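A look at the structure
So you can see what is in the structure, the chains are spelled out below.
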Amino acid sequence: LQHGIAENLQAIGGGYKNSIYRPSFYLGLNWTLWKAEGFKVGLIGGGVTGYKTQHRIGPLLTPSFSYERSNWGIDLVGLAFKGEGMIAISFKWKL
């Protein structure tokens with residue numbers, strides 16, 4: 001889920017099954033640092049669950065890359081932390 005707070009700031013949250021077959025949930029903010037012709041580059045900060053910190057929230061700080069049109073978009077996010085990592089591609093559309 002994404003919700004615009006300001007022109008360059010979005011609240012984000014969601015869930016997925018991670019590579020170690022655990023449910024993971026994340027919550028944070030996506031700050032857009034650069035944008036041009038539908039492309040965006042930003043920084044995500046927040047928290048994530050489901051990794052070696054199974055019963056608590058681990059820190060989340062990662063770059064974000066997006067391509068957005070008027071009613072749909074694609075996001076690419078990658079993260080590495082203490083020997084673990086993930087790459088996520090998500091497709092989004094406006095409701």
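The shown structure was predicted, so the numbers you read here are calculated from the model rather than taken from an experiment.

Not every positive phi belongs to a glycine, and tyrosine 21 is a case in point at roughly 60°. Secondary-structure assignment places tyrosine 21 in the loop between strand S2 (9–17) and strand S3 (23–36). You can call tyrosine 21 exposed: its relative accessible area is 67%. Even without glycine at this site, glutamate 37 takes up a positive phi of about 50°. Position of glutamate 37 among the secondary structure elements: in the loop between S3 and strand S4 (39–48).

Moving on, we come to the packing of aromatic side chains. Enumeration over the complete set of coordinates arrives at three aromatic pairs. Taken together, a centroid distance of 6.3 Å and an interplanar angle of 45° make the contact between tyrosine 16 and tyrosine 26 tilted. Residue tyrosine 16 is found in strand S2, and its partner tyrosine 26 is found in strand S3; the two are separated by ten residues along the sequence. A centroid spacing of 4.7 Å and a plane angle of 50° characterise the contact between phenylalanine 39 and tyrosine 67, whose relative ring orientation is tilted. Of the two residues, phenylalanine 39 is situated in strand S4 and tyrosine 67 in strand S5 (residues 58–68); the sequence distance between them amounts to 28 residues. Classification of tyrosine 67 as partly exposed rests on a relative accessible area of 24%. These aromatic residues form a ring-pair network of at least three members: Phe39, Tyr67 and Trp72.

Residue position: threonine 62 is located in strand S5. Taking relative accessible area as the criterion, threonine 62 reaches 1% and is therefore assigned buried. Apart from residues no more than four positions distant in its own chain, threonine 62 is found in contact with Gly42, Leu43, Ile44, Val77, Gly78 and Leu79.

Summarising the model, the protein chain shows a mean pLDDT of 88, and 93% of its residues fall at 70 or more. No element of the protein chain has a lower mean pLDDT than strand S7 (residues 84–93), which averages 84, and none a higher one than S3, which averages 95.

So, how was this worked out
- Residues numbered from 1 in each chain as written.
- Predicted model: local features only at pLDDT ≥ 70, side-chain atom pairs only at ≥ 80, totals over all residues.
- Heavy atoms only, no water.
- Helix = DSSP H or I, 4+ residues; strand = E, 2+ residues; numbered from the N terminus.
- Buried < 20%, exposed > 50% of the residue type's maximum accessible area, 1.4 Å probe, protein only.
- Phe/Tyr/Trp six-rings, centres within 6.5 Å; stacked < 30°, edge-to-face > 60°.
- Contact = heavy atoms within 4.5 Å.
- pLDDT = per-residue confidence, 0-100.

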